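Below are the chains, spelled out letter by letter.
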Amino acid sequence: MGASDGDFSTLFSFLPIGAYRSAPDGHMLRANDALVKFNGYASEADLLANVRDVANEWYVDPARRDAFRSALETDGQVCAFVSEVYRHHTRERAWVNENAHAVRGEDGRVLYYEGTVEDVTERVLRERDAREQQQRLVALADQIPGVVYSVLVGWDGSRHYLFLNSGVKDLYGVDREEVLRDPMLLPRLRHPDELEQFAGETQSVIDGREALMSEFRIVTPDGEVKWVHRRSCEVLRNERGIQRVGVLFDITDRRRTEEALRRSEELWKAALGSAGDGVWDWNIATGEEYLSDGLIAMYGFTRDELKGSMRDLDSRTHPDDVPAMMAARVAHFEGRTRAYRNEHRVRSRDGRWIWVLTRGAIIERDAHGQPTRMVGTHTDVTEAKAAEEQQRALETQLRESQKMEAIGTLAGGVAHDFNNLLAAILGNLVLAREDVGPEHPAQESLKEINRAAIRARQLVQQILTFSRRGPQLMEQQDLLPLVQEALGLMRSLLPAGVQLVSRLTDVPLPAVVDGTQMQQVLMNLCTNAWQAMGRRGGEVTVALEPVELDAAQALQLGAIDPGAYARLSVADNGPGMDEQTLRRVFEPFFTTKAPGAGTGLGLAVVHGIVKAHHGAIGIDSRLGAGTRFDVYLPLGASVSQAPLVEVAPPAVAETAPAGRHIVYVDDYEALVFLVGRLLRKQGYRVSTFESGEAAIDWLRRYPDDPVDLVVTDQNMPGMSGVDVAREARQLRPDLRVAIVSGHVSDALLDEARREGVHEVLAKQDSMDAMGRTIRQLIESDPSPVAD
């Protein structure tokens, strides 16, 4: 600047911000040191030499040049003009704040321009960062499901919102701008019943309460009532008031759920109370417990006598039951069981021990997962427990009885085998005494051996009697009183949840039966029915009625005669049985129960008793449709009781027709030898074999050797009697075959019939009976077993 500038030249040079003078055509006339350094030059001369048109070379956005020029020409000056520019020499970008004015001559022409340039880059960047951060905060706040706010509460209770996110629209139904213009709009939307609470909260804020949390109702402009949860805290306080920040959440659904739960609790408590169950609601944190009137009355107390505390009931629990009760409770607390369930005894007011079934569940836990609330019921099961005890005692008796049945079955099998041995001994004794002659000195010893064998046979007969193979106490009697008596006994033994229904005819049904065994049949069938239903319970129906069986029905049921029968039925609505179980249901020792829960003899005993009464038993069962057993007993006919026969040595039968050839097969060597000698003494030609395979091999190797009869044992290692019959008839289709078995069953008869067997014989106790049977078979009609 020249001398005319006076003392301002010094100020121009030492200003901390840039200062300049430029010609109207845009070239620089003067620049102070601050402006020189800002543009990256070493001296004013360098800057003046390089700047040609400051307006075109200065602004990053060319439009700012036009805006600057327009303001300068219009107003004659520009103030606080912030723009992004290039540092002229380095071309780095920077932000500046410009102030300029035009200096005119006396004629009004512009002589030059003067102005200042302040580097505000740091300030602009800070402001931009602040704006971006604010925008991010606003965007984040808008993602929060609720209202985020900052408010200044005046000392007079007035409000001024410093920040408010867009969530206010969703919660209150008003725009953010409305609230910013009218800060008292939100308080006015409070439910009328909540205005007193709002006034109290405002006073608490003024009094210095830093944290505030509450729940209240609002009424939106469209009339909807909502529940709001508010949480806020104080940031600062000054002469203007108290600044607070906070959040508002919509908890309408939660409050409605809580209200529905409360009503539901009242409903189920009332329902369970009306059903006879006692209801309890335990606050675990405080130990307080709600006890329903029904629960208190269950133990004979009044509400004043039995306080609402879990300790009150725990202290009255039987000491022996406390460990199991506490273990069940802890298991549920720790999440190892879905529900709490326990049976224990509680002492009532009159001193009696009452068995209760308590069931419950945790419905609330704290933030750490610890249980805080539990609800449940008490059910008086004293009578059921007494019935269970009685049931267990009877089941124990039944198991013992079934064990005895099993022992009897085993003993019967042993006795049968022992009988075979004795038959061989006695038969050979007779032959030996004949061989040596009446005057032989050995006759005395043989007589003593015979006497000892007879005593042994009497002992075997006692074993057979024990194993139910002895005589029955048969007498003609009406079946109805027997069934009614058995039902009367069983009604007191029914498990919980099982209903026994009887449908009995009034028509007399006389039959020749062993009454005790008939009652055992009914009890076994009923026991099997309710055990099959398990804990879920169900209905067992017992029916007794007369029926007429025609030939087809009798044949379908088994080897019984058509005619008049009494039908005793036991039906249940349990799970039913599959085909595999149905095929084995009458097998001894077969059971579908868990180990230790049954012996598998109940139905086997039923089957044996019914068969011994010349009856039949039918079964109808499907999975999911229950099971029905039908026992058919002949009416009116007298069942003869086989007398005990004095055991005597076999006698040699009359001489058989010459030339008859018998093949005898048995795996018991002694019987093979004895039967062979017996038949030869009677005049038969006999070929004996100790296995079915050996007999078939002989028949195959000697096809031209005539055979009149093949007699074979059924139960042998390797080929069975039926197998021998099948192979023999394939080799010789016209050959007669008889099977001998110690256990003639329906299944064996059916199988023998299919293979063309002519006769199925029960093993005889004496050899002379065996000889007579074989003679009758040879001289009889040669047709096979009839269908």
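In what follows, the accompanying structure is described. Remember, predicted model here, so these are calculated numbers, not experimental data.

Moving on, we come to the overall build of the protein. What the protein contains, in helices and strands, is 26 helices and 27 strands. The 787 residues of the protein split such that 43% are buried. Considering only contacts in the protein between residues 6 or more positions apart, those separated by 24 or more positions represent 58%. Per element, the accessible surface of the protein, about 42,100 Å² overall, is 52% carbon and sulfur.

Turning our attention to the sheet that holds strand β4 (residues 93-104). Read across the sheet, five strands follow the order β2-β1-β5-β4-β3 without closing on themselves; strand pairing throughout is antiparallel. Strands with a single pairing partner mark the edges of an open sheet, and in this sheet they are β2 (28-31) and β3 (77-86). Within the sheet, the average angular offset between the axes of one strand and its neighbour, ignoring direction, is 25°. Sheet analysis places strand β1 (residues 18-22) next to β2, joined by three bridges and oriented antiparallel. Each bridged residue has a counterpart across the sheet, and for Ser 22 the counterpart in β2 is Met 28.

On the surface, a cluster of negative charge is made up of Asp 222, Glu 224, Asp 250 and Asp 253. The class of Glu 224 is partly exposed, set by a relative accessible area of 34%.

A full pass over the atoms with the stated rule returns eight aromatic pairs. Judged by centre distance (6.4 Å) and plane angle (85°), the ring pair of Tyr 59 and Phe 81 falls under edge-to-face. Remark: Phe 81 occurs in strand β3 and Tyr 59 occurs in the loop between α4 (54-58) and α5 (62-75); sequence separation between them is 22 residues. The same class applies to Tyr 59 as to Phe 81, namely buried. With a centroid separation of 5.5 Å and 40° between ring planes, the pair formed by Trp 698 and Tyr 702 is classed as tilted. According to the relative accessible area criterion, Trp 698 is buried, its value standing at 12%. A relative accessible area of 39% places Tyr 702 in the partly exposed class. Every member of this aromatic cluster is reached through a ring pair, and the members are Tyr 59, Phe 68 and Phe 81. Against the face of Tyr 112 rests Arg 21, its NZ or CZ located 4.1 Å from the ring centre.

Moving on: the environment of Asp 620. Following the sequence through the fold, Asp 620 ends up in strand β21 (residues 616-621). With relative accessibility at 46%, the residue Asp 620 sits in the partly exposed group.

Once that is clear, we can look at the nonpolar core. Formed by 40 residues in total, the largest nonpolar core has its most connected members in Leu 479, Leu 522 and Val 542. Secondary structure elements with two or more residues in this core: α17 (479-491), β17 (498-504), β18 (510-513), α18 (515-533), β19 (538-549), β20 (563-572), α21 (602-612) and β22 (627-634). For this core, the element with the most residues is α18, which contributes eight residues. Apart from the residues within four sequence positions on either side, Leu 479 is in contact with Leu 509, Ala 511, Val 513, Leu 544, Ala 566 and Leu 633.

Let us look at the pattern of salt bridges. According to the stated counting rule, one finds 39 salt bridges in the structure shown. Salt-bridge contacts for Arg 345 lead to Asp 321; the nearest nitrogen and oxygen are separated by 2.8 Å. In this pair, Arg 345 is assigned in strand β13 (residues 340-347) and Asp 321 in the loop between α13 (310-314) and α14 (322-333), connecting sequence segments 24 residues apart. Because the salt bridges share partners, they merge into one network encompassing Glu 215, Arg 254, Arg 255 and Glu 258.

On to helix α23 (residues 692-701). Turning to α23, its buried residues number three or more, namely Gly 692, Ala 695, Ile 696, Trp 698 and Leu 699. Along the long axis of α23, the arc covered by the buried residues comes to 155°, so they all point the same way. Buried positions along α23 lie against β23 (661-665), β24 (685-689) and α24 (721-731).

Attention now moves to the packing of α18 against α21. As a packed pair, α18 and α21 sit with axes 9 Å apart at the nearest point and diverge in direction by 145°. For the crossing formed where α18 meets α21, the hand is left-handed. In this structure, α18 uses Gln 517, Met 518, Gln 520, Val 521, Asn 524, Leu 525 and Asn 528 to contact α21, whose residues at the interface are Gly 602, Leu 603, Val 605, Val 606, Ile 609 and Val 610. Classifying every residue of the contact of α18 with α21 by side-chain character gives eight nonpolar, five polar and no charged.

As paired strands, β21 and β22 are joined by six bridges and run antiparallel to one another. By the bridge assignment for β22, Ile 617 is matched with Val 631. Following β21, the chain reverses through five residues before pairing antiparallel with β22; Gly 624 in that reversal takes a positive phi of roughly 80°.

The mixed open sheet is built from five strands, whose spatial order is β17-β19-β20-β22-β21. The sheet is open, and its two edges are formed by β17 and β21, each paired on a single side. The average undirected angle you get between the axes of adjacent strands in this sheet is 15°. Relative to β19, β17 runs parallel, the two sharing seven bridges. Bridged to Val 501 within β19 is Thr 541. Running at roughly 170° to β17, α17 makes contact with β17, β19, β20 and β22 of the sheet.

With that out of the way, let us pick up unusual backbone geometry. Even without glycine at this site, Arg 91 takes up a positive phi of about 60°. When you line up the elements, Arg 91 lands in the loop between β3 and β4. Given the relative accessible area of 40%, Arg 91 is considered partly exposed. Residue His 614 is not a glycine yet carries a positive backbone phi of 60°. In this fold, His 614 is placed in the loop between α21 and β21.

Conventions used here
- Residues numbered from 1 in each chain as written.
- Predicted model: local features only at pLDDT ≥ 70, side-chain atom pairs only at ≥ 80, totals over all residues.
- Heavy atoms only, no water.
- Helix = DSSP H or I, 4+ residues; strand = E, 2+ residues; numbered from the N terminus.
- Buried < 20%, exposed > 50% of the residue type's maximum accessible area, 1.4 Å probe, protein only.
- Contact = heavy atoms within 4.5 Å.
- Areas by Shrake-Rupley, 256 points an atom, 1.4 Å probe, with all protein chains shown as cover.
- Pairing = 2+ DSSP bridges.
- Axes fitted to C-alpha atoms, helices over the stretch in contact; angles between N-to-C directions.
- Patch = residues over 30% accessible without salt bridge, like charges linked within 9 Å, V, L, I, M, F, W, Y side chains within 5 Å.
- Salt bridge = Lys/Arg side-chain N within 4 Å of Asp/Glu carboxyl O.
- Lys, Arg positive; Asp, Glu negative; His and termini not counted.
- Charge placed at Lys NZ, Arg CZ, Asp CG, Glu CD.
- Phe/Tyr/Trp six-rings, centres within 6.5 Å; stacked < 30°, edge-to-face > 60°.
- Lys NZ or Arg CZ within 6 Å of the ring centre and 35° of its normal.
- Core = buried A, V, L, I, M, F, W, Y, C linked by side-chain atoms within 4.5 Å.
- Arc of directions from axis to C-beta.
- Left-handed = near helix turned anticlockwise from the far one by under 90°.
- Nonpolar A, V, L, I, M, F, W, Y, C, P; charged D, E, K, R; others polar.

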